[in-house]
Amino acid sequence: MPRQGQGSLLTAVRPFPLTALRHPVVSALLDDHRALLSDLLDGLGSPLHIVLPEVFEENIAGLRQAFTETGADVDIFFAKKANKAGCFVSSAAALDAGIDAASAPELVKALAGGVPGHRIGVSGPEKDDALHSLAVRHNCLVAVDSISELRRLAATARLADRRVRVVLRSRTSGQPGSRFGMAAAERDAAVGLCLDLSDHVRFQGFSFHLNGYSPEERATAANEMIEHCLDARRRGALSAEVVDIGGGLPMRYVEPRLWDEFLQQNELAHYHGTKAAKGFSFYPYGGQPTAEAARTLMNHPVEGNESLSAKAARNGIRFIVEPGRSMLDQAGFTVYRAQQVDDRRDTDGYAIVTVAGNSLSLSEPWFNTDYLPDPALLSAEPGADEVFPACVAGSTCLENDMVTWRKIGFPRPVRPGDLLVYLNTAGYHMDFLESQFHDAPLPRKAVLRLGDGDAPPRWRLDGI
Ligand SMILES: Cc1ncc(COP(=O)(O)O)c(C=O)c1O
């Protein structure tokens, strides 16, 4: 690899434009309400997460519609882990969507946000007794991961003199090595135990964990769960009628053509430092739109020509889906204030923009990369049109605190005071890794709704 700073590299590096898609609500805010965004940043600090419940609500409605079109009976439980903002829980409650909670605090916040217990699913491996106890008392649906968890949960239900609703998490034949769920023998034993413990356990069906975003693989796994329900019914578990297909619906951050081109052109020289040398592994940002994937999933043939939805209907099976990321598609963005610009274009071919805040406020936690879609530049003053290659650094003392390692081709030189807007960050990018390093406060979340007609957007702090 050529050394950075050599003349040959200066001509070689042209930042690849990975333009992020924008919802009309986002475009309206960035195009027509820059002063408001800048004021909010002045008042609430940089970075600031903007969350947009009206887009979340549109996503829930769109997914419901897509499933309805396939004839499938599907209940949506929003996976709360994807964003801590309370506004999304309130929106879910208002739309009668459920919540997938994976910890006691998540469950409590779902209840506090107005979601009744029977609309809450509790998932996660070997949940602790405190979470079990809350779930039992509030009549939540618990996805049980192992026999030992089933025994503990049943004991909790017995103590509370309740009957807890349960699905059993089963391993799939496609991913038999997963650390989640029960393999065949344990699953069979768990069904038997549910029958034995039926005074305190109401067995309802199966769930599964599947890595990846393929609707076809998810349909195949869901079909296996239908078969497990039918087996369980043959053993006397007549209430086995639920298949929980989990999350993992894809979404689209950038146009697929652009994404494919990016993958073909991507190389080490496009990045600052050595981060990229560890190897590239990216979230599939050019994925299938969520509603389309939902239709692919339910229309997928699983028995001869029979689709998943048709087979489920024929057998009296209803689905639960637990989308997190995809329900937050376009439902928020993150704004940093540029604090300093180290213009190294003459020596290294690109600049380093240091922003107020750090990189942990914008996480892409599961993949060996940064959050790739280009941030938008909102300049404080007009500037000449000229591609300005720069990567983006956090203002901590860590060499590796880079918000964007990839060199971005900004449309104008970035100046201190400008705003960098990272688009579509609501799904996992906001609070998954947030940190109070350097005693910094955690970034705030401002809830914004566009006003009707000429009315200005309304905003409030989340949680208030
Ligand atoms: C049990 C369960 N449900 C739902 C989800 C949400 O997945 P996604 O955000 O990909 O939709 C996850 C993700 O970890 C999960 O483990």
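Please read these numbers as outputs of a predicted model, since none were measured by experiment.

K.L.:
Even after reading the chapter, I still don't get the site of the ligand, so can you show me in this structure?
P.N.:
Around the ligand, the structure places Ala79, Lys81, Asp100, Ser123, Gly247, Gly248, Glu322, Pro323, Gly324, Arg325 and Tyr428. Take Glu322: an N or O atom from its side chain is 2.6 Å from a nitrogen atom of the ligand. Within the backbone of Gly324, one N or O atom sits 2.8 Å away from an oxygen atom of the ligand. Across the complex, the protein chains shield 84% of the 400 Å² of accessible surface that the ligand would expose by itself. In terms of residue class, the shell around the ligand is built from three nonpolar, four polar and four charged.

K.L.:
So what exactly am I meant to see when it comes to the packing of aromatic side chains here?
P.N.:
For any two aromatic rings, the description comes down to two numbers: the centre-to-centre distance and the angle of the planes. Under the counting rule described, the total for this entry stands at 17 aromatic pairs. An angle of 80° between the planes, with centres 5.5 Å apart, marks the rings of Phe203 and Phe206 as edge-to-face. Among the residues examined, Phe206 registers a relative accessible area of 1% and is labelled buried. Considering the side-chain rings of Tyr213 and Tyr283, the 5.2 Å spacing of their centres and the 75° angle between planes classify their relative orientation as edge-to-face. In this pair, Tyr213 is assigned in the loop between strand 7 (201–207) and helix 10 (215–234) and Tyr283 in the loop between helix 11 (256–265) and helix 12 (290–299), connecting sequence segments 70 residues apart. Given the relative accessible area of 22%, Tyr213 is considered partly exposed. Accessibility expressed as a relative area gives 0% for Tyr283, which makes it buried.

K.L.:
I would appreciate a short explanation of the UniProt feature "domain: Orn/DAP/Arg decarboxylase 2 N-terminal" (unreviewed entry) in the chain in the present structure.
P.N.:
Taking the numbering used here, the UniProt-annotated feature "domain: Orn/DAP/Arg decarboxylase 2 N-terminal" (unreviewed entry) corresponds to residues 66–255. The distance from the first to the last C-alpha atom of residues 66–255 is 21 Å, and the span holds 41% helix and 17% strand.

K.L.:
It is not clear to me how the packing of helix 10 against helix 12 should be interpreted in this structure. Could you clarify?
P.N.:
Relative placement of two packed helices is described by the angle separating their axes and the distance separating the axes. Across the interface, helix 10 lies against helix 12 with an axial gap of 8 Å and an inter-helix angle of 40°. Relative to helix 12, the element helix 10 lies oblique. By crossing handedness, the relation of helix 10 to helix 12 is classed as right-handed. Facing helix 10, whose interface residues are Pro215, Glu216, Arg218 and Ala219, helix 12 presents Ala293, Thr296 and Leu297. Within the contact of helix 10 with helix 12, the residues separate by chemical class into four nonpolar, one polar and two charged.

Rules used throughout
- Residues numbered from 1 in each chain as written.
- Predicted model: local features only at pLDDT ≥ 70, side-chain atom pairs only at ≥ 80, totals over all residues.
- Heavy atoms only, no water.
- Near = heavy atom within 4 Å.
- Polar contact = N/O pair within 3.5 Å; in protein donor to acceptor, adjacent residues only side chain to side chain.
- Areas by Shrake-Rupley, 256 points an atom, 1.4 Å probe, with all protein chains shown as cover.
- Nonpolar A, V, L, I, M, F, W, Y, C, P; charged D, E, K, R; others polar.
- Phe/Tyr/Trp six-rings, centres within 6.5 Å; stacked < 30°, edge-to-face > 60°.
- Buried < 20%, exposed > 50% of the residue type's maximum accessible area, 1.4 Å probe, protein only.
- Helix = DSSP H or I, 4+ residues; strand = E, 2+ residues; numbered from the N terminus.
- UniProt positions renumbered as here; feature names shortened; annotations may be inferred.
- Axes fitted to C-alpha atoms, helices over the stretch in contact; angles between N-to-C directions.
- Parallel < 35°, antiparallel > 145°, perpendicular 65-115°, else oblique.
- Left-handed = near helix turned anticlockwise from the far one by under 90°.
- Contact = heavy atoms within 4.5 Å.

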